[in-house]
Amino acid sequence: MQIGCCWFDNERRLLVDQTRSTQWHLNDNEYWVLTQLVLHRGQVVPLTMLETVIVSGQVAHQLTQGELTSIIHHIIDYLCVSHLNLIEYIPDQGVILYPINQTKHPNILALPNRLLSWGQYGIIIGALLALLLFLWSHIIPPMFTKADVLRQIIAASGKVIQLSIYDGKSPQDAMLHAECLSTQLRLCHHVRWDSIDAAISADRHYVSLLLTEFTETNWHYKNVKISVSDMHSPFITQAWLHKVNICG
Amino acid sequence: MVKLPLRVRRWRRRLRRFLQSRRGKLASVIGVMLLLFTGAITIEQLAIPSDVWLLSCSADGYFSAPQFNSEHPIPDKLTLLVNIEHQQAALHYLLESGTGVTEFIVMQGKVTRRDLRALSYQLALKANSVQWQDDSRLHPYLLNELSYVEQSIKLNAPVLLDVQIRHVDSPHSRVLLTFMSSNSLWSCQVN
């Protein structure tokens, strides 16, 4: 009869592996164990039953537990890898030969505690969460400081100027200066720059300006640092823009 | 049947039995996770970009009110050189007004923390060489830019800084450098 990928030849006491073309001459003890498993296919055969070897014409003799487990594992090992689960050894209980090759994969919707204890389940979930947190902390994009105000201004010449104001402390100031700057920029006749970034310093005494001009061949950059006496009042005027070379 | 040495077969059997047991399954799950952890760390280590920066930045500075109030103010030329080389870091400020370099400060020290994804660096520097004018323009500016807590930056004074390279414009070899605590912005040439 067929057991996994092996053919069990009851007459000649052979276990023939068809895929590897090998055969195993079973001795009395091995033959006894395998016959019992085959006879009770689909049922757990108690170890006590397997330990007592009854060979026709001879007096029954006992196998030690070591001998028995060795035989069982030898049989399991002899089966092909895809049929390893066909015979299951339940320590201290017995051995079962499944009627067909049992798929060991339970239904995915089955509760996990059917396979694992709650403790083990908890450890796995905990470890997974730790892994997730670890990966998360490594994957989240770096926190770039976003501009507080982003605007596009069309100057008198029709040129579009991108305006970004950075102010970590006070969004009201950022709004105020963005408003001033855009109003004044619209009145400018000639603006060389395509993009203006302004950062208001944390101690509110300085403004960092980054002026960028995009030309086809190159980009021109200019940094300007200006000290400002009162950051809370509108200080950007036409004259101011002319002085720092934004206008004209 | 392939004849393997008995010892190897016994070990294989033991391993298989262990892997089929509950404890073995748990161990293999945890083992796979450990592999993932180490794999992620290794990949991160391998993916580290070059960690050497040599930046030169220059700005027009309007640092004094009388200077700015004139009809056509002539700006001071402020130069910042940043050099980050793995664990070492150096910052160099130069202020040129009119005739030549009038004020400067050289700070050298170590990179104490880095985040290579955000390209942010924490620097612990020491003022190695300092020259201020009596009516300094650079000094008050630096107190602001470096968010310095003391009244003045003296020789050998420690300086702690957080800088971030916020935007890299590779085709034009420019980067946008931010001083995190003071919100100061610099566009720098990458050398």
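Residues numbered from 1 in each chain as written. Chains lettered and ligands numbered in written order. Predicted model: local features only at pLDDT ≥ 70, side-chain atom pairs only at ≥ 80, totals over all residues.

(A) Here's a closer look at the overall build of chain B. Broken down by element type, chain B carries four helices and eight strands. For chain B, buried positions account for 25% of its 191 residues. Taking the contacts inside chain B whose residues are at least 6 apart along the sequence as the reference set, 44% of them involve residues at least 24 apart. (Helix = DSSP H or I, 4+ residues; strand = E, 2+ residues; numbered from the N terminus. Buried ≥ 20, exposed ≤ 12 C-beta atoms within 10 Å, placed from the backbone. Contact = placed C-beta atoms within 7 Å.)

(B) How the structure looks around the sheet that holds strand β5 (residues 44-46) of chain A. Residues and elements named next belong to chain A. Ordered by their spatial adjacency, three strands build an open sheet running β5-β9-β8, and the pairing between neighbours is antiparallel. The sheet is open, and its two edges are formed by β5 and β8 (87-90), each paired on a single side. Neighbour-to-neighbour, the strand axes of the sheet open up by a mean angle of 25°, direction not taken into account. Looking at chain direction, β5 and strand β9 (residues 94-97) are connected through three bridges and run antiparallel. (Pairing = 2+ DSSP bridges. Axes fitted to C-alpha atoms, helices over the stretch in contact; angles between N-to-C directions.)

(C) Region of interest: the confidence of the model for chain A. Of all residues in chain A, 90% have pLDDT values of 70 or greater, and the mean over the chain is 83. Taking the mean pLDDT of every element in chain A, the minimum, 82, falls on strand β1 (residues 2-3) of chain A and the maximum, 92, on strand β12 (residues 195-200) of chain A. (pLDDT = per-residue confidence, 0-100.)

(D) Region of interest: helix α1 (residues 6-20) of chain B. With 15 residues, α1 of chain B extends 21 Å from end C-alpha to end C-alpha; this agrees with the ideal 21 Å at 1.5 Å per step. Within α1 of chain B, only zero of the 15 residues are buried, which leaves it mostly out in the open. (Expected span 1.5 Å × (residues − 1).)

(E) Region of interest: the interface of chain A and chain B. Facing 42 residues of chain A, the contacting portion of chain B comprises 39 residues. Elements with a minimum of two residues in the side of chain A that touches chain B: β4 (22-25), α3 (65-78), α4 (118-139), β12, β13 (206-214) and β14 (219-227) of chain A. Of the residues contributing to the side of chain A that touches chain B, the split by class is 23 nonpolar, 13 polar and six charged. Inspection of the sheet shows β14 of chain A paired to strand β1 (residues 52-62) of chain B by four bridges, in the parallel sense. Among the inter-strand pairings, Lys225 of chain A is bridged to a residue of β1 of chain B, identified as Gly61 of chain B. (Nonpolar A, V, L, I, M, F, W, Y, C, P; charged D, E, K, R; others polar.)

(F) Focus on the environment of Asn156 of chain B. All names here are of chain B. Examined against the element boundaries, Asn156 turns out to sit in the loop between α4 (138-145) and β6 (158-169). C-alpha separation for the pair Asn156 and Lys126, spaced 30 residues apart in sequence, amounts to 5.4 Å. Those residues in contact with Asn156, other than ones at most four positions away along the chain, are Lys126 and Ala127.

(G) Here's a closer look at the environment of Ser136 of chain B. Residues and elements named next belong to chain B. In this fold, Ser136 is placed in the loop between β5 (120-131) and α4. Ser136 gets classed as partly exposed once you count the C-beta atoms within 10 Å, which come to 18. Each C-alpha atom, one on Ser136 and one on Thr102, is 9.2 Å from the other, the two residues being 34 residues apart in sequence.

(H) Structural detail: the sheet that holds strand β2 (residues 6-9) of chain A. Residues and elements named next belong to chain A. Spatial strand order, β1-β2-β3-β4: four strands in an open sheet with antiparallel pairing. Each of the sheet's edge strands pairs with one partner strand only, and the pair in question is β1 and β4. Pairing of β2 with strand β3 (residues 14-17), which is carried by four bridges, proceeds in the antiparallel orientation. Bridge pairing in β3 places Cys6 opposite Asp17.

(I) Looking closely at the pairing of strand β2 (residues 76-85) of chain B. All names here are of chain B. Bridge analysis of β1 against β2 gives ten bridges, and the strand direction is antiparallel. Across the sheet, the residue bridging to Ser56 is Leu81, located in β2. As judged from the nine bridges shared by β2 and strand β3 (residues 88-97), these two strands associate in the antiparallel manner. Residue Val82 lies in a different strand from β3, and its bridge partner there is Leu91. Taken together, β2 and the strand that follows it, β3, pair antiparallel across an intervening segment of two residues, in which His86 is found at a positive phi of about 55°.

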